[in-house]
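Notes for the structure review
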Amino acid sequence: MATVSEHAASIVTLAGQADALVEQFRTLMAGLTAEEHALHLEAIKNGPYVAEGIAGRRRLSHYAHQLMVQPAGAPTVAELATKAWSEFLEG
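Reference entry: report on the structure contained in this document. Since we're looking at a predicted model, the values are computed, not measured.

With that settled, consider helix α1 (residues 4-44). The terminal C-alpha atoms of α1, which comprises 41 residues, lie 59 Å apart, in line with the 60 Å expected from a rise of 1.5 Å per residue. Turning to α1, its buried residues number three or more, namely Met-29, Glu-36, His-40 and Ala-43.

Spelled out as structure tokens, the structure:
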């Protein structure tokens, strides 16, 4: 059986891992948001109707953030992105 000190040390180790994951997640969110913004800017070149259709498919990073507190079974971010952007994906 682990001691209180051992449990405390384990918690500190896990907290460090959590900090690393948070930093990775922040980087990923920034990249996802930047790509959505770039896609939107590119779509504007094709006319307002295209841009309006794309605008409703943005904010996957917010969905990813929400999934962190959702119970298992919700669609993944990749599933949602694939469904939302399927008409633009190649083969």
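Counting through the fold element by element, Glu-36 comes out in helix α1. According to the relative accessible area criterion, Glu-36 is buried, its value standing at 8%. In terms of polar contacts, Glu-36 uses its side chain to reach the backbone amide nitrogen of Arg-59, at 3.0 Å. Beyond its immediate chain neighbours, meaning those up to four positions away, Glu-36 contacts Arg-57, Arg-58, Arg-59 and Leu-60.

The next point concerns the pattern of salt bridges. The tally for this structure, following the rule as stated, stands at 1 salt bridge. One salt bridge connects Lys-45 with Glu-42, and the closest N-O pair in it is separated by 3.2 Å. Accessibility expressed as a relative area gives 64% for Lys-45, which makes it exposed.

Two elements in contact, α1 and helix α3 (residues 60-67), have axes separated by 8 Å at closest approach and are oriented at 150 degrees. When the interaxial angle is binned, α1 and α3 end up roughly antiparallel. Along the contact surface, α1 presents Phe-25, Met-29, Leu-32, Thr-33 and Glu-36, while α3 presents Leu-60, Ser-61, Ala-64 and His-65. Its residues assigned to classes, the contact of α1 with α3 comprises 5 nonpolar, 3 polar and 1 charged.

So, how was this worked out
- Residues numbered from 1 in each chain as written.
- Predicted model: local features only at pLDDT ≥ 70, side-chain atom pairs only at ≥ 80, totals over all residues.
- Heavy atoms only, no water.
- Helix = DSSP H or I, 4+ residues; strand = E, 2+ residues; numbered from the N terminus.
- Expected span 1.5 Å × (residues − 1).
- Buried < 20%, exposed > 50% of the residue type's maximum accessible area, 1.4 Å probe, protein only.
- Polar contact = N/O pair within 3.5 Å; in protein donor to acceptor, adjacent residues only side chain to side chain.
- Contact = heavy atoms within 4.5 Å.
- Salt bridge = Lys/Arg side-chain N within 4 Å of Asp/Glu carboxyl O.
- Axes fitted to C-alpha atoms, helices over the stretch in contact; angles between N-to-C directions.
- Parallel < 35°, antiparallel > 145°, perpendicular 65-115°, else oblique.
- Nonpolar A, V, L, I, M, F, W, Y, C, P; charged D, E, K, R; others polar.

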